[in-house]
Amino acid sequence: MTATTLATPRSLYDLVSRHDGRAPRYTSYPTAVQFAPAVDAATYRQWLAALPADEAVSLYLHIPFCARLCWYCGCNTRAVNRHDPVEAYVAKLVEEIRMVAGALPGPIPASAIHLGGGTPNMLSPKDMDRLFGALGRAFTMTADMEVAAELDPPLLTREWVAAAASHGLRRASLGVQNLSPDVQAAVDRHETIGEIARCVDWLRAEGVRSINLDLMYGLPHQNRSNTLSTIEAILPLRPERIALFGYAHVPWMKPHQKLIDEAALPDAPSRLDQGEAAAERLQEAGYVRIGLDHFALPGDELAVALAEGRLHRNFQGYTTDAAPALIGMGASAIGAFPQGYVQNLTKELEWRDAVEAGDLPIARGVALTPDDRFRAEIIERLMCDMAVDLEVIAARHGRDWSDLAGDLPRLDPFIDDGLLKREGPRLKVAQDGRLVVRAIAAVFDAYFEPEAGRHSRTL
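None of the values given here were measured: they were computed from a predicted structure.

*Asks:* Let's hear about the overall build of the protein chain: which residues, and what values?
*Replies:* Helix and strand counts for the protein chain stand at 15 helices and 19 strands. Over its C-alpha trace the protein chain gives a radius of gyration of 22 Å, about what one expects of a compact globule, namely 23 Å for 459 residues. Along the first, second and third principal axes, the C-alpha atoms of the protein chain reach 55 × 55 × 40 Å. Buried positions account for 56% of the 459 residues belonging to the protein chain. In the protein chain, of all internal contacts separated by at least 6 residues, the share reaching a separation of at least 24 is 74%. Carbon and sulfur atoms make up 52% of the accessible area of the protein chain, which totals about 18,300 Å². Of note, the protein chain has its 47 positive side-chain charges centred 1 Å away from the centre of its 60 negative side-chain charges.

Here is the structure:
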C-alpha cells in the first residue's frame, strides 16, 4: 500500500489506531451477521399482517443493475448492457408488491419510497410507471410522500429526471467518489464535474429539493490533494448533503474488488489524513458534521434532526425517517419491523424463482428480544448523537443502567486515551473519538466477536 506525506498529525493516527479493528457500521442492531433462516416467509407474513392500518410505513425497492460495475462497489448489483433483464425484473418486483399487499391488513399509508441499487436510473419511464402504479394500488400515499433515488450521473438524462419527478422524486443521491483521472481509472469509473453539474441542474429544475453527493476516501491512488480538489470542484454546486465514505476493501466478499491493485491503496495513516482533511474542508464551507460519515447544510432536515435529537440510522444510512416499519422489496432488500428484521433472497435468480412460485422471497432475518431493543437504542444514539444517557434509555426499557456493569469496563481504554468522556451513566464521544465510534458502540453489542473478521475496518 502506498504511503503519503501527511498533514493530519501522526500523533492522531497513533492514538486512534490503538482502537482500530473490524466493527459493524450499525445500520441495524442486531446486525445482518445475526440474521438466520429461522425468520422466514411465514414470520414475515405475520409481521406484515400486524402492522397498524393507520400508521405510515417506509418502502425500499432494490434495483440490482448497473450499466457499469465499479471495481470498488460493495452493493448487490450486476452490469447489464440490455434493457430486457431490467424489464423482466420489474415485472417480478410488481408481483412481489402484490404479494406484500395481500399480506397487509389493508392499503396502509406509506410516507417514503427509496429506490436503491445498483442504479435505479436504469429503470425506463415505463418501468417507473409500472412500479409506482403497483405501489399506489398496494399503499395509500400520504400527502407528504417523499421519493428518493440513488443515481449514476453519466447515465442520467433530463427525460428520466422529469419522469421520476412526476412520481414525486424529491431527494436524489449522485455518486461522485473522486474526480481524479488516476483514481477513476484505477476503479474503472469515469465521470466529469460537468456531467455532475448538469445532473444537479436537471434535478433542481424538476423540483428535487435535496441533493446528496457521495464521496469516498481510501481508493487506489487517492491522496489528500485529489481528495480536496474533488471537494473544491463540487462545493459550487452547494448540495444539501454530502456523504464521505471510507472504501472497504473486502475482495473475499466482493470478488470484483480483486481487479483493484492493492499496492495502489493508500495506507492507514493516509486514509485517515484524506478523511479528516475532507471533513475539515466541508465544515469550513458551512456543512454540519453528522455522525460517522455525513455532512449537511445547517438548514437541511438532517442537520435540524441532529440538533433536535431525533436523527435515526437505518439501512440507507442517517435519516430523519421515524416510520416504525420499513418494507424492503427486490433481491437482497432488507425490511425492519417492530418485531425484527427480514432480508429477501440475495441472488436475483433465487429471488425470481420464489416470486414466481408465489412465495414471499425471504431468506433470513432476526426477531428482536427486549435486550436487543435496549442495546439498539444505545448504539443508535451513540452513532447519531455521539452521546448517550444510559440511565434514561434504561428507564425507557424498564431496565436499570447497572445491567450494563459488565460492559462498562471495556470503555476504559477509550476514556484513558481521551476519546470518550463518562460522567456516571452519561457518555460523550470526543471529537477525535468520532473516528472510532463504531468500536465504542461495539462495546454494547452483545453479539460482537472482535476476531471474527466479518466487518470492515474502523479506520
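So, next bit.
*Asks:* I'd like a rundown of the packing of helix H3 (residues 84-103) against helix H11 (residues 348-356), residues and numbers included.
*Replies:* Where H3 meets H11, the axes come as close as 10 Å, and the angle between the chain directions of the two elements is 50°. In terms of axis orientation, H3 runs oblique to H11. Crossing of H3 against H11: the hand is left-handed. Residues Ala88, Tyr89, Lys92, Leu93, Glu95, Glu96 and Met99 of H3 form the contact with H11, whose own contacting residues are Glu348, Trp351, Arg352, Val355 and Glu356. Looking at the contact of H3 with H11, its residues break down into six nonpolar, no polar and six charged.

*Asks:* Please provide a residue-by-residue account of the side chain of His294, values included.
*Replies:* By secondary structure assignment, the location of His294 is in strand S10 (residues 294-296). A relative accessible area of 7% places His294 in the buried class. Discounting residues that sit within four places of it in the chain, His294 has contacts with Ile242, Ala243, Phe245, Val288, Arg289, Leu302 and Tyr318.

*Asks:* Tell me what's going on with helix H12 (residues 370-385), and back it up with residues and numbers.
*Replies:* Between its first and last C-alpha, H12 extends 22 Å over 16 residues, near the 22 Å set by a 1.5 Å rise per residue. Among the residues of H12, those classed as buried are Asp372, Phe374, Arg375, Ala376, Glu377, Ile378, Ile379, Glu380, Arg381, Leu382, Met383 and Cys384. Directly beyond the C-terminal end of H12, a positive phi value near 60° is found at Met386.

Definitions and cut-offs
Residues numbered from 1 in each chain as written. Predicted model: local features only at pLDDT ≥ 70, side-chain atom pairs only at ≥ 80, totals over all residues. Heavy atoms only, no water. Helix = DSSP H or I, 4+ residues; strand = E, 2+ residues; numbered from the N terminus. Rg over C-alpha atoms; globule rule 2.2 N^0.38 Å. Buried < 20%, exposed > 50% of the residue type's maximum accessible area, 1.4 Å probe, protein only. Contact = heavy atoms within 4.5 Å. Areas by Shrake-Rupley, 256 points an atom, 1.4 Å probe, with all protein chains shown as cover. Lys, Arg positive; Asp, Glu negative; His and termini not counted. Charge placed at Lys NZ, Arg CZ, Asp CG, Glu CD. Axes fitted to C-alpha atoms, helices over the stretch in contact; angles between N-to-C directions. Parallel < 35°, antiparallel > 145°, perpendicular 65-115°, else oblique. Left-handed = near helix turned anticlockwise from the far one by under 90°. Nonpolar A, V, L, I, M, F, W, Y, C, P; charged D, E, K, R; others polar. Expected span 1.5 Å × (residues − 1).

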